[in-house]
Each structure stands twice: as C-alpha cells, then as structure tokens.
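One-letter residues, chain by chain:
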Amino acid sequence: KGGPAPEAWLWRVSAPPEKGELITMTDGYLWFEGLPFPVVGYSYEVLKEACAQFVIKDEDTVLVTYPKSGSHWVIEILCLIHSKGDTKWIQSVPIWERSPWLESNRGSKLLKEREGPRLLASHLPFHLFPTSLFTSKAKVIYIMRNPKDVLVSGYYFWTMTHVSTKPESVEQYFQWFMEGNVAYGSWFEHIRGWMSMRDRENVLLLSYEELQKDPRSTIERICQFLGKKLNPEELDSVLKNSSFQVMKENKMCICGDWKNHLTVAQAEALDKLYQEKMAVTVVFCYLSYPLLSPLPSPPIFSLYPIYCNSFLSLFFFPFPSQPLICNFV
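Naming follows an unreviewed UniProt entry, where the chain appears as Sulfotransferase of Marmota marmota marmota. Per UniProt, the comment on the chain under Subcellular location (unreviewed entry) is "Cytoplasm". Regarding the chain, the UniProt comment filed under Sequence similarities (unreviewed entry) reads as follows: "Belongs to the sulfotransferase 1 family."

Written as structure tokens, this is what we have:
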C-alpha cells in the first residue's frame, strides 16, 4: 500500500489462534512510532501527516483523552455549550462530524476542509501531537479517568468492535493494559505526557469523576475556560441534554464499576504499578480520607493549588521513597 519501508510500520491481521494460544497485541494493529492503533479507519500516511504537518489554529478547541475516558460525553457537552443548550445540532449531525478525530482518516479529511473555529478530538499521546499546538492559543481540554474504570470499559469496547484483536478475557486484557500493549499505548505515559502542559493558561485539566460527581460546577468551569457565557436556562439545558439518562450510556460509565470486574489482586497490582509509574507526577486522585482531615506526619506530599471540588484535588508526589497511596473509589 505504499508508504515507508516495512520495518517502519506494521499492519497485520492475526489469524485465528490455535487452541490454548495466547493472542499478542502485535496482531491486528497498525503500528506507528512504536504505538498500536486500530486497523480500521487509520492509516500510516494519515497518522504521519497529522503528527508532523497538521496546523492547530488559535481559534480551535481541542479535546484530548486516553481512550475510554469520556471523550464522547465531553464532546456532547462542548457542542451543547457552543449551541447555548439548543439540541438541534447534536440531534442532526453525527458526533464524528461535529468533532472530527484528528488522527483518523475521516477526521483528518473533514478538518482540512473546515474553515473558522474548529472543535476537534484526539487520543494522541503528547509526544506525537502536532507541534503547532505548542505555539498556538488553541484551547485544550484534557480529560482523565480512573485507570481501573478505563481498563474495564476498554475491555468491553474492544470486545464488541472489529477494529483490532479482541481480548479473550478480562484477565488477558488486564495483562495487556498493565504492559501498555493496548490501543494508543500506556495509560500512564499518556497521563504523564499531557500533565506537562498543566501550567499553561490555555490548557484545562479535568477528570471524568468530577464531571460525574458535580456536572454543574464542572460545566461552569468549562464555560469560563472557553469564554462562553450561558444564562441559567441555557446552562440547565446543557446539563439536561448531556446527562447519562439522555445519552443512554450503559453501566460502564459508572465510576467505580471496576469493582464488579477486577479481582482484589488485580486492583492491588494496578495500584502498585500506579505508584511506581506516577511517583513524581501531578495527578488527579481520590483520597481514602477526607481532604480536610489531619494529614499524615511526616508529610509525604505537598498540595498544588486546588482546581477541583473539595474531594478531588491535584497533588504532587515529591518523595518517591514515601509515595502517597491513592485508593481509587
């Protein structure tokens, strides 16, 4: 199909495995710059062009997430904010057309043809994102989600689709996720990369959990960040029409649903890996004790400015030898 030499990329669809054979994530994926991408709707040429040549404009709004972290939900919210709560746009235009995916074949074509302010989405990791973003004034919203819920949601999503190798069990997908051998690579590296943008005034960091816990306050923050003013009726319409009930999301959207799918040993293994990978990274985390309760002594962490509600905060882990244990709930 043209493109670079075979050693630079790989597109291989796996044959049915032999009985008892473990399917590896090198099968059924398009590989680009060392990361696996879905084989359907993506190509080496488009990925290369998107990463190296795509121009982010100052007036663009860019939504970035790791897969299964709430991107579709937030796109609906952003579209409703743009239309001041009017549902005509979201009901008449497909979501992939309202907010094209930068790195996909279809999305790349749509974005090239689009004039004026654009809303675009991406799962690309920080190091592969178009460099034009870093000199632009585009508004960037990055959404994070509890990795345990990301893992479970990802398992069911990839099991139901036909764009990559399907995991045979939660146990198998758990191992792939822990190793970073899933679509778009490691969750930990994705978070670490984009967190480096946290101090930029044109970047807003949010979590799936705070959006579900307090949607009104979170949507108000998004409006303020985007410079959009909604009256009370318009804000109520955004809330109503972006609710779980209206969007008909299934139970995979429920925070903490991982408890119904992961074993205690798996949860503990992921907690351990989290502490190892994120020991010196600012992260969103839920604490096992109230925020205002007495802090451990000696102190094992220092607070960054609190952007979120009183329960969800930004923390920094400066002492790898004394990590703060984050219990995701």
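> Account for the overall build of the chain, naming residues and giving values.
Helix and strand counts for the chain stand at 13 helices and 10 strands. The 329 residues of the chain split such that 54% are buried. Within the chain, counting contacts between residues at least 6 apart in sequence, those at least 24 apart form 68% of the total. Accessible surface computed for the chain: about 15,800 Å², of which carbon and sulfur atoms make up 56%.

> Got a sec to walk through the pairing of strand S5 (residues 119-122)? Specific residues and values, please.
Burial of S5 is two-sided: the residues Leu119 and Ala121 facing one way and the residues Leu120 and Ser122 facing the other way are all buried. Here 4 bridges tie strand S4 (residues 61-65) to S5, and the two strands are oriented parallel to one another. Within the sheet, the bridge partner assigned to Val64 lies in S5 and is Ser122.

> Just give me the short version of helix H8 (residues 187-195), but keep the residues and values in it.
The buried fraction of H8 amounts to 7 of the 9 residues, a majority that puts the element mostly inside the structure. Taken as a whole, H8 has its buried residues at Trp187, Phe188, His190, Ile191, Gly193, Trp194 and Met195. Capping the start of H8 is the job of one residue whose side-chain oxygen sits 3.1 Å from the backbone nitrogen of Phe188: Ser186.

> With reference to specific residues and values, describe the nonpolar core.
Core analysis: the largest hydrophobic core is formed by 55 residues, its most contacted members being Phe37, Phe129 and Phe177. Every residue in contact with Phe177, bar those within four places of it in the chain, is listed here: Tyr66, Pro147, Val150, Leu151, Val182, Trp187 and Leu270.

> Go over the packing of helix H2 (residues 71-82) against helix H10 (residues 215-226) with me, naming the residues and quoting the values.
Here H2 crosses H10 at 60 degrees, and the two axes come no closer than 11 Å. As the angle between them shows, H2 and H10 are arranged oblique. As for how H2 packs across H10, the hand of that crossing is right-handed. Judged by residue contacts, Ile77, Leu78 and Ile81 of H2 engage Ile219, Ile222, Cys223 and Leu226 from H10. A breakdown of the residues in the contact of H2 with H10 according to their chemical character gives 7 nonpolar, no polar and no charged.

> I'd love a proper account of unusual backbone geometry, names of residues and values included.
Non-glycine residue Glu33 carries a positive phi angle of around 50 degrees. With respect to the secondary-structure elements, Glu33 resides in the loop between strand S2 (29-32) and strand S3 (35-37). Looking at Glu33, the relative accessible area reads 54%, which means it is exposed. For Tyr184, which is not glycine, the phi dihedral falls at a positive 75 degrees. By secondary structure assignment, the location of Tyr184 is in the loop between helix H7 (170-179) and H8.

> I'd love a proper account of the pairing of S2, names of residues and values included.
Because side chains alternate across S2, one face comprises the buried residues Tyr29 and Trp31, and the other comprises Leu30 and Phe32, equally buried. Bridge count for S2 against S3 is 3 bridges, and the pairing is antiparallel. In the sheet register, Phe32 faces S3, and the bridge partner there is Leu35. Between the antiparallel neighbours S2 and S3 lie 2 residues, among them Glu33 with a positive phi of about 50 degrees.

> I'd like to hear about the environment of Leu239, residue by residue, with values.
Assignment of secondary structure puts Leu239 in helix H11 (residues 232-241). The class of Leu239 is buried, set by a relative accessible area of 16%. Those residues within four positions of Leu239 in sequence are excluded, and the remaining contacts are Pro215, Arg216 and Ile219.

> How would you summarise H11 if you had to cite specific residues and measurements?
Each α-helix winds once per 3.6 residues, and so residues spaced three or four apart point in a common direction. Buried within H11 we find Glu234, Leu235, Ser237, Val238, Leu239 and Asn241. Among the residues of H11, the N-terminal cap falls to Asn231, whose side-chain oxygen and the backbone nitrogen of Glu233 are separated by 3.1 Å.

> If you had to explain the side chain of Ser71 to someone new, which residues and values would you point to?
Turning to its location among the elements, Ser71 is positioned in helix H2. Residue Ser71 is classed as buried on the basis of its relative accessible area of 8%. Sequence-distant contacts of Ser71, that is, excluding residues within four places in its chain, are made with Leu63, Thr65, Trp101 and His123.

Basis of the calculations
Residues numbered from 1 in each chain as written. Predicted model: local features only at pLDDT ≥ 70, side-chain atom pairs only at ≥ 80, totals over all residues. Heavy atoms only, no water. UniProt positions renumbered as here; feature names shortened; annotations may be inferred. Helix = DSSP H or I, 4+ residues; strand = E, 2+ residues; numbered from the N terminus. Buried < 20%, exposed > 50% of the residue type's maximum accessible area, 1.4 Å probe, protein only. Contact = heavy atoms within 4.5 Å. Areas by Shrake-Rupley, 256 points an atom, 1.4 Å probe, with all protein chains shown as cover. Pairing = 2+ DSSP bridges. Polar contact = N/O pair within 3.5 Å; in protein donor to acceptor, adjacent residues only side chain to side chain. Core = buried A, V, L, I, M, F, W, Y, C linked by side-chain atoms within 4.5 Å. Axes fitted to C-alpha atoms, helices over the stretch in contact; angles between N-to-C directions. Parallel < 35°, antiparallel > 145°, perpendicular 65-115°, else oblique. Left-handed = near helix turned anticlockwise from the far one by under 90°. Nonpolar A, V, L, I, M, F, W, Y, C, P; charged D, E, K, R; others polar.

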